[in-house]
Amino acid sequence: MSPAGSVCSFSSNLSDPEFIRESRKVAHQRVVAVRSADKDKKNAKCNRKWDTTLFEKKKGCIRCLALASKKERCQYLMKGRHVSIAITSGGCTNSCFPTKEFLRGYPELELDDDEDVPLCRICFNAIHR
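Each value, and the rule that gives it
- Residues numbered from 1 in each chain as written.
- Predicted model: local features only at pLDDT ≥ 70, side-chain atom pairs only at ≥ 80, totals over all residues.
- Heavy atoms only, no water.
- Buried < 20%, exposed > 50% of the residue type's maximum accessible area, 1.4 Å probe, protein only.
- Helix = DSSP H or I, 4+ residues; strand = E, 2+ residues; numbered from the N terminus.
- Arc of directions from axis to C-beta.
- Contact = heavy atoms within 4.5 Å.
- Core = buried A, V, L, I, M, F, W, Y, C linked by side-chain atoms within 4.5 Å.
- Phe/Tyr/Trp six-rings, centres within 6.5 Å; stacked < 30°, edge-to-face > 60°.
- Salt bridge = Lys/Arg side-chain N within 4 Å of Asp/Glu carboxyl O.

J.: I tried to follow helix α4 (residues 97-104) on my own but got confused; where do I start?
T.: In an α-helix there are 3.6 residues to a turn, and that puts residues three or four apart on one side. When we look at burial in α4, the residues that qualify are P98, T99, F102 and L103. Looking straight down α4, one finds that the buried residues subtend no more than 135 degrees of arc, so they occupy a single side. Contact partners of the buried residues in α4: α2 (62-67), β3 (91-92), β4 (117-118) and α5 (121-127).

Right, dumping it as structure tokens:
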């Protein structure tokens, strides 16, 4: 027999139905909070289409840069191109909520507030789903 209060003990809290019910209740509240946050994000969609001529000069796609490794970013910055980073003249406007939400996760890729966001067609569709 194991000592009282251990995980294997019959008298532990894990076998107490009140403890289990409380845990389920807390877990349910967490799930409800996450789902409501997801609904808020889904309501704040960008309904614009991908603008193919947003920039006069082509630039590297921000999402491709974010997903690239440090080595790939360095090669892109040194040479001006890399296989993993798409060069595009298209993108979305600076007021786009899904793009701003994505960029919050990558503070090293800061853009000016008034600057539009360069996105290749594939990344635009991935962010705007």
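The rest of the description comes next.
J.: It is not clear to me how the nonpolar core should be interpreted in this structure. Could you clarify?
T.: Within soluble globular proteins, side chains that are nonpolar generally end up buried alongside one another. Ranked by size, the top nonpolar core spans 20 residues in total, and within it C61, C64, I85, C92, L119 and C123 carry the most contacts. Put simply, the parts of the chain that give this core at least two residues each are α2, α4 and α5. If one sorts the elements of this core by residue count, α2 sits on top with four residues. Excluding its chain neighbours within four sequence positions, the residues that come into contact with C92 are C46, R48, L54, T99, D116, V117, L119, F124 and H128.

J.: Hey, could you run me through the packing of aromatic side chains in this one?
T.: Aromatic ring pairs are defined here through the distance separating the ring centres and the angle between the ring planes. Enumeration over the complete set of coordinates arrives at one aromatic pair. Where F102 meets Y106, the ring centres are 5.1 Å apart and the plane angle is 40 degrees; that geometry is what we call tilted.

J.: For this particular structure, what's the right way to read the pattern of salt bridges?
T.: Side chains that differ in charge, positive against negative, can pair when their charged atoms come close. On inspection of all chains with the given rule, the structure shows three salt bridges. Linking E115 and K59 is a salt bridge whose minimum nitrogen-to-oxygen distance equals 3.4 Å. With a gap of 56 residues between them, E115 in the loop between α4 and β4 and K59 in strand β1 (residues 59-60) connect regions that are remote in the sequence. For E115, a relative accessible area of 25% corresponds to the partly exposed category. The exposure class of K59 is partly exposed, given its relative accessible area of 31%. For E108, the salt bridge identified is with R73, shortest N-O distance 3.3 Å. Of the two residues, E108 is situated in the loop between α4 and β4 and R73 in helix α3 (residues 70-79); the sequence distance between them amounts to 35 residues. Taking relative accessible area as the criterion, E108 reaches 49% and is therefore assigned partly exposed.

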